[in-house]
Amino acid sequence: MSLFTRMKSRLVSAGEKAERDSLPFQSTRGDLRASAPEAVLRGLAPDGGLYIDPLLASRAFDVKACLALEPLGQAEMILSHLLPGFQDMHTLVCNAYQGRFASEALTPLVPVGDRYILELYHGPTAAFKDVALCMLPQLMTAARALTGVREKTVILTATSGDTGKAALEGFHDVPGTGIVVFFPHQGVSAVQEAQMLTQIGNNVAVCAVRGNFDDCQSAVKSVFSAYADRAPVPGVRLSSANSINIGRLAPQVVYYFLAYASLMRDGKITFGDPVDYVVPTGNFGDILAGWYAKQIGLPVGRLVCASNANRVLTDFINTGVYDRRRSFYKTVSPSMDILVSSNLERLLYYACGGDTDAVRGNMLRLQNSGYYKLGAGEMALIRRDFSGYCCTEEQTLETIRDCFRNTGYLCDTHTAVALHAAEEYREAEKSDAPQVVLSTASPFKFPAAVLTALGESSEGDAFCQMERLAEVSGLTPPSSLSGLQGKEILHHDVINREEISDYVIDRLKAF
Ligand SMILES: *Cc1c(COP(=O)(O)O)cnc(C)c1O
């Protein structure tokens, strides 16, 4: 029985239909309902849960017609379906993407050896998160108009490196909004840090926190909980740009379609052939978007969850125990240095057949005891769609080197983790479906590690390293990265995690 047969039997019964149509979203932890614009504006549900659409897989979607469209047409059709209740998605999509990506394809698919690499990083900040964070401010602005919200919407974000800059770029100087970004002090790459600390805008704040990403994320979540039903300062509402926000997750579904359409167009597959996607994973947002694509009908084969040395998800998929009680490693793929993957909660909801009490119980257990264990039935459902593999630091560097030597393709550290997992998966599970490996960052964002992998010197600052990497590879660094050199540092705050709440209040008063 699929996840959704179970869901439907529970949900289609009661006379909830009218409410469901106008308020299609619900919290993973209870019966709180919301319209799509409300869910986007709130980010997190008031009970601390994440917004999901219980009928995700049962509303009809014409996949074949969608795949035949141009990239922006696909985005419009998918987003209208996933976020019903927004008007004029066409304009929102055009405002978000037109002229802002280096490639007409948005996310080009490149054949490398016997697999395909989906390059997600050609947006304004050279981060895969641009795909979603170009769209989110459009959705928020529209949602404010649709719901008649008068208060300022302030985005609070914890970042493992890339969300911060992409969100700052998306929200700076957007009327009616403000943004506060927290990142782990000394826990992001020098280039990522420079990107954030040079951010202009009169509605932005950027602050380093002594601690790791999980510390930042949990502190931000507790600020959300503290102000779930009251304003932190008069005239302000908080929201999130992390993938806990459904408005951030939905745009990520689009590139799974774009990759599939590209393979069809090139005659590599015909409609209906399964395609495996391998995803470098941290907060479980990107890969969950792939699962959403599958739920609405895209012929996705397996979703391979690739982790670095922080292998909590690999262990979860293999054992059924999610256990964050372990050492935290700072790796060369810092955007995946995460032990609490927020979006897993959404998958849990569906795997538990919509049992919000079970989800809430597991999330409490994770918070209080550091782990939870799923039953065999739930795990069987999850394993029907997901495999998990992980990659050590050594293997990451080896993969970058071997890929460059054997194919001439230069990848970053996160993509290397996925390439390694792709190989292990293919060998272990004897899969011969075409493989799409998601590439989440430009190699120029992590030049020191990439140079080391290639056996080159990583001396000098990040800009020297970028130059050397350009020479070695013959590639040109994205101008959004090389152009950072010499820009003035505008943000200097470093705080302890206990100070996050006070910091937020201070900044809100100043906006
Ligand atoms: C955010 C990020 C990831 C992880 O994506 P999730 O949606 O958090 O799983 C992987 N690679 C890079 C470069 C990222 O910025």
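Calculation notes
Residues numbered from 1 in each chain as written. Predicted model: local features only at pLDDT ≥ 70, side-chain atom pairs only at ≥ 80, totals over all residues. Heavy atoms only, no water. Near = heavy atom within 4 Å. Polar contact = N/O pair within 3.5 Å; in protein donor to acceptor, adjacent residues only side chain to side chain. Areas by Shrake-Rupley, 256 points an atom, 1.4 Å probe, with all protein chains shown as cover. Nonpolar A, V, L, I, M, F, W, Y, C, P; charged D, E, K, R; others polar. Buried < 20%, exposed > 50% of the residue type's maximum accessible area, 1.4 Å probe, protein only. Helix = DSSP H or I, 4+ residues; strand = E, 2+ residues; numbered from the N terminus. Pairing = 2+ DSSP bridges. Contact = heavy atoms within 4.5 Å. Axes fitted to C-alpha atoms, helices over the stretch in contact; angles between N-to-C directions. Left-handed = near helix turned anticlockwise from the far one by under 90°. Expected span 1.5 Å × (residues − 1). Domains from an automatic or database assignment. Buried area = accessible area lost by both parts, 1.4 Å probe. Salt bridge = Lys/Arg side-chain N within 4 Å of Asp/Glu carboxyl O. Core = buried A, V, L, I, M, F, W, Y, C linked by side-chain atoms within 4.5 Å. Phe/Tyr/Trp six-rings, centres within 6.5 Å; stacked < 30°, edge-to-face > 60°.

Caption draft 1: Layout of the site of the ligand. Taken together, the neighbourhood of the ligand is formed by 15 residues, with K129, G282, N283, D286 and T440 sitting nearest. G285 places a main-chain nitrogen or oxygen 3.2 Å from an oxygen atom of the ligand. With respect to the ligand, the side chain of S335 contributes an N or O atom lying 3.4 Å from an oxygen atom. When the ligand is considered free in solution it has 380 Å² of accessible area, and contact with the protein chains removes 98% of it. Class assignment of the residues belonging to the shell around the ligand gives a composition of five nonpolar, seven polar and three charged.

Caption draft 2: The pairing of strand β14 (residues 386-390), seen in detail. Counted residue by residue, β14 has five buried out of five residues, so it is predominantly covered. Burial along β14 is two-sided: the face carrying F386, G388 and C390 and the face carrying S387 and Y389 are both buried. For strand β11 (residues 300-307) and β14, the ladder comprises five bridges, and the chain directions are parallel. Bridging from a neighbouring strand, L303 pairs with F386 of β14.

Caption draft 3: Inspection of the side chain of S307 at higher detail. Along the chain, S307 falls in strand β11. Once residues within four sequence positions are removed from consideration, S307 is found in contact with L313, T314, M336, Y389, C390, C391 and V417.

Caption draft 4: Structural context of the sheet that holds strand β15 (residues 435-439). The six strands are arranged β4-β5-β15-β10-β11-β14 in an open sheet whose pairing can be described as mixed. Edge positions in the open sheet fall to β4 (109-112) and β14, since each of these has one partner strand only. Pairs of neighbouring strands in the sheet enclose a mean axial angle of 25°, with direction left out of account. Bridge count for strand β10 (residues 275-280) against β15 is three bridges, and the pairing is parallel. Its bridge partner being in β15, V278 is matched across the sheet by V437. Running over the sheet, helix α14 (residues 312-319) touches β11 and β14 and is turned about 135° from β14. Most of the contacts of helix α19 (residues 413-429) go to β15, to which it runs at about 160°, and overall it touches β5 (115-119), β10, β11, β14 and β15.

Caption draft 5: Representation of the packing of helix α12 (residues 246-265) against helix α13 (residues 285-295) in the model. It is the contact of α12 with α13, at a shortest axis distance of 8 Å, that shows an interaxial angle of 65°. Here the hand of the crossing between α12 and α13 comes out right-handed. On α13, the residues that touch I246, L249, Q252, V253, Y255, Y256 and F257 of α12 are G285, D286, I287, L288, A289, G290, Y292 and A293. Taken together, the residues of the contact of α12 with α13 sort by class into 11 nonpolar, three polar and one charged.

Caption draft 6: Broad picture of helix α11 (residues 213-226). With 14 residues, α11 should cover 20 Å at 1.5 Å per step; its first-to-last C-alpha distance of 20 Å lies within 8% of that length. Restricting attention to buried positions, one finds in α11 the residues F213, D214, D215, C216, Q217, A219, V220, V223 and F224. The N-cap residue of α11 is N212: its side-chain oxygen and the backbone nitrogen of D214 are 3.0 Å apart.

Caption draft 7: Representation of the domain arrangement of the protein in the model. Along its sequence, the protein is organised into domain 1 (5-67 + 91-127 + 248-439) and domain 2 (130-242 + 489-510). Computed over C-alpha atoms, the centres of domain 1 and domain 2 are 23 Å apart. Summed over both sides, the interface of domain 1 with domain 2 buries roughly 3,200 Å², with 62% coming from carbon and sulfur. Broken down residue by residue, the surface that domain 1 buries against domain 2 is led by L41, T125 and R248, which jointly contribute 25%. Counting across the interface, domain 1 meets domain 2 through zero salt bridges.

Caption draft 8: Region of the structure containing the nonpolar core. The biggest cluster of nonpolar side chains holds 108 residues, and the ones touching the most others in it are L83, F257 and Y277. Broken down by element, this core gets its largest block of residues, 13 residues, from α12. Inspection of this core shows a minimum of three residues originating in each of domain 1 (5-67 + 91-127 + 248-439) and domain 2 (130-242 + 489-510). If sequence neighbours within four positions are ignored, Y277 has contacts with Y256, A259, Y260, L298, V300, R302, L303, V304, V436 and L438. Counting residues in hydrophobic clusters, the runner-up holds 37 residues, among them A194, A306, V417 and L419.

Caption draft 9: Main features of the packing of aromatic side chains. By the definition in use, this model includes 14 aromatic pairs. Summarising the aromatic geometry, the rings of F182 and Y503 are spaced 5.7 Å apart at their centres and angled 65° between planes, so their arrangement reads as edge-to-face. Remark: Y503 occurs in helix α23 (residues 500-510) and F182 occurs in strand β7 (residues 177-184); sequence separation between them is 321 residues. Here F182 falls in the buried class, since its relative accessible area comes to 0%. Judged by centre distance (6.4 Å) and plane angle (85°), the rings of Y292 and Y350 are edge-to-face. Within this pair, whereas Y292 is found in helix α13, its partner Y350 is found in helix α15 (residues 344-351), the two being separated by 58 residues in sequence. By way of ring pairs, the aromatic residues W291, Y292, Y349 and Y350 are connected into one cluster.

Caption draft 10: Broad picture of the pattern of salt bridges. Evaluation of the coordinates by the stated rule reveals 17 salt bridges. Salt-bridge contacts for E345 lead to R29; the nearest nitrogen and oxygen are separated by 2.8 Å. Taken together, the residues E345 in helix α15 and R29 in the loop between β1 (25-27) and β2 (33-34) connect sequence positions 316 residues apart. Residue R326 is joined to D315 by a salt bridge in which the shortest nitrogen-to-oxygen separation is 2.9 Å. Of this pair, R326 sits in the loop between β12 (321-323) and α15 while D315 sits in helix α14, placing them 11 residues apart in sequence. A relative accessible area of 28% places R326 in the partly exposed class. Because the salt bridges share partners, they merge into one network encompassing D215, R497 and E498.

Caption draft 11: A look at the environment of V504. Its place among the elements puts V504 in helix α23. For V504, a relative accessible area of 1% puts it in the buried group. For V504, the contacting residues outside a window of four places in its chain are L156, F182 and V223.

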